[in-house]
Amino acid sequence: MKENNLIFWTEEKGKIKIQQSKLIQFLEQKGFAKVKLNNESYIIVRLSDNRVRKTAIEEMADTIRDYLLEVLENNDVYEVFSRGFGTYLNKGKLTLLKTVELIDDRDERDLARFFFKNVYCNVSKDEIKVKPYTDLEFPIWQNRVLNYEFEMPKTEDGQFKTFCLHLAKDDENRLEALRSFIGYLSHRSKDRGENKAVILYDENMGLNNQAHGGTGKTLLGDAIKQCKEVEQFDGKDIKTGNWFKNQRIELTTDLLIYDDLNKSASFEFFYSMITTGVEVEKKHQSSFYIDYEQSPKLMITSNYMVNGPGGASDERRRYEFEVANYYNQHFTPEEEFGNRFFDKYWAQQERNKFYLFMMQSVQIYLEKGLIKAEEINLRKSRLVSETHPEFFEYANDYVQTNTWQNKRDFEELFRETYSCDVTAHTMSKWIDSYAVNLNGRLEKKSSGGEYKFKITVDEARK
């Protein structure tokens, strides 16, 4: 229908009257529609050029205004519309808009997509294809499109890859593991079944009972934010029971980052977000639920061990990686490379190399899944967080694996060595934790008033 035929009013004897049904049809022809979230709530969207984006009444009003004043130059109709604006455009009337299916533009199991201003890239484990938007056969959310015109670089190794190599202790195997979790978090799909939260620590976490920040963990999150839709939270400010804790999460959010998680937070807080979905509660609006397949992935950074209830259920929900302490508050990536990553002054060739690095990281993930890195100090940090700062060294010195030991003697020696008034019950819990730390099997027995324990360990797994 031509624009000059889009008439949503009548005029009789000089009196203009807006027709509500025709106005709704006009808005629909301009691409406005509603997406139903549940039985009680919906969002208003606009579709144009195979792109979908969330919108609001204000944009509808602007569209009507521009049409009446700029296209038709009809001030009289605009005057009538403006006087009754709240009557014609309100939540009740907008329920008359046609309902469209919720756009699902998430990645496929074996394919990821990166959308740039000029092209989009299909990323499989075998190749990266740069394609024009004329080849795109389905609608996407507008906020998927990155505000950058990508060109395939002639060379691959750039500043950001060097930065990641340093975070991996300049070890190629650790770098591959690091890239695998970058790829996992950048792959907008959960069909591969690896429903884990990525947890990043510093390799010297907890050393001398101090936090060691500034190592680059946050920059890794910023890197993914350059490619996907990320919502970042201050991990020190988590409050269980906060009604509106998820109000910034949208249907299109790809990744949630909890940066610098506070020491007292339990990993159990995130269980449902990892394995079932996310309940989103926004102020003055009905809540809606994002199910597991559509819900965002999760990344946590912490300067302390992220503790949880333990056991297989806890372990299968976490992927942990220790970032090398190459950088610190006195030596930053900006000092090393002479520029800041991701700002407007960063060289175009470096940004192109960065995007290629991120897409190639997705390739690594699609081919190999999440790659487990060899632990540095994680075993020690985990045990220290569950026991006592000196218990790790003490147990390493005095536990005799595959041998029965007298628990009371073991306990008393620790008290004398470290002047620590530990109870028998607490020592039992610490020994349990140490056995788990060794991947060992703990046995206990008592006879004639003597209490003994034995930790049986396969030396190949110790």
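Residues numbered from 1 in each chain as written. Predicted model: local features only at pLDDT ≥ 70, side-chain atom pairs only at ≥ 80, totals over all residues. Heavy atoms only, no water.

Q: I'd like to hear about the pattern of salt bridges, residue by residue, with values.
A: Under the defined criterion, the tally for this structure stands at 36 salt bridges. Among the salt bridges present, the one from Glu176 reaches Lys368, with a minimum N-O distance of 2.5 Å. You can see Glu176 sitting in helix H7 (residues 172–186) and its partner Lys368 sitting in helix H12 (residues 348–368), a full 192 residues away along the chain. Under the relative-accessibility criterion, Lys368 is labelled partly exposed at 45%. (Salt bridge = Lys/Arg side-chain N within 4 Å of Asp/Glu carboxyl O. Helix = DSSP H or I, 4+ residues; strand = E, 2+ residues; numbered from the N terminus. Buried < 20%, exposed > 50% of the residue type's maximum accessible area, 1.4 Å probe, protein only.)

Q: Let's hear about the packing of helix H6 (residues 159–167) against H7: which residues, and what values?
A: Where H6 contacts H7, the two axes come as close as 8 Å, and the packing angle between them is 115°. Classified by the interaxial angle, the pair formed by H6 and H7 is roughly perpendicular. Handedness of the crossing formed by H6 with H7: right-handed. For the pair H6 and H7, the contacting residues are Lys161, Cys164, Leu165 and Leu167 in the first and Glu172, Leu175, Leu178, Arg179 and Ile182 in the second. Residue composition of the contact of H6 with H7, by class: 6 nonpolar, no polar and 3 charged. (Axes fitted to C-alpha atoms, helices over the stretch in contact; angles between N-to-C directions. Parallel < 35°, antiparallel > 145°, perpendicular 65-115°, else oblique. Left-handed = near helix turned anticlockwise from the far one by under 90°. Contact = heavy atoms within 4.5 Å. Nonpolar A, V, L, I, M, F, W, Y, C, P; charged D, E, K, R; others polar.)

Q: Lay out the environment of Val71 in plain terms, naming residues and giving numbers.
A: Note on placement: Val71 falls in helix H2 (residues 57–71). Taking C-alpha positions, Val71 is 84 Å from Glu443, a pair spaced 372 residues apart along the chain.

Q: How would you explain unusual backbone geometry if you had to name every residue and give the values?
A: Even without being a glycine, Lys13 presents a positive backbone phi close to 50°. Structurally, Lys13 can be placed in the loop between strand E1 (9–12) and strand E2 (15–18).

Q: Let's hear about helix H14 (residues 391–398): which residues, and what values?
A: Listed as buried for H14 are Phe391, Phe392, Tyr394 and Ala395. Within H14, the buried residues cover an arc of 165° as seen down the axis, which keeps them to one side. (Arc of directions from axis to C-beta.)

Q: So what's going on with the sheet that holds strand E17 (residues 405–406)? Residues and values would help.
A: The strand order across the open sheet formed by 3 strands is E17-E19-E18, and the pairing between neighbours is antiparallel. Each edge of the open sheet is held by one strand with a lone partner, namely E17 and strand E18 (441–447). Pairing of E18 with strand E19 (residues 450–456), which is carried by 7 bridges, proceeds in the antiparallel orientation. Within E19, the residue paired with Leu442 across the bridge is Ile455. (Pairing = 2+ DSSP bridges.)

Q: I'd like to hear about the nonpolar core, residue by residue, with values.
A: Ranked by size, the top nonpolar core spans 51 residues in total, and within it Phe116, Phe160, Phe181 and Met358 carry the most contacts. The element that contributes the greatest number of residues to this core is H12, accounting for 9 residues. Among the nonpolar cores identified, the runner-up in size contains 35 residues, and Leu37, Ala197, Val280 and Met305 belong to it. (Core = buried A, V, L, I, M, F, W, Y, C linked by side-chain atoms within 4.5 Å.)

Q: Got a sec to walk through the environment of Thr87? Specific residues and values, please.
A: Inspection of the secondary structure assignment puts Thr87 in helix H4 (residues 85–88). Thr87 sits in the partly exposed class, given a relative accessible area of 46%. Along the sequence, Thr87 and Trp141 sit 54 residues apart, while their C-alpha atoms lie 30 Å from each other.

Q: Break down the pairing of strand E7 (residues 120–123) for me, with residues and values.
A: Covered by surrounding structure in E7 are Tyr120 and Asn122 together with Cys121 and Val123, the residues of both alternating faces. Across 4 bridges, the pairing between strand E6 (residues 112–115) and E7 is antiparallel. Each bridged residue has a counterpart across the sheet, and for Phe115 the counterpart in E7 is Tyr120. Adjacent in sequence and paired antiparallel, E6 and E7 are bridged by 4 residues. Across 4 bridges, E7 lies against strand E8 (residues 128–131) in antiparallel orientation. Looking at E8, one finds that Cys121 is bridged to Val130. Linking two consecutive strands that pair antiparallel, namely E7 and E8, is a turn of 4 residues.

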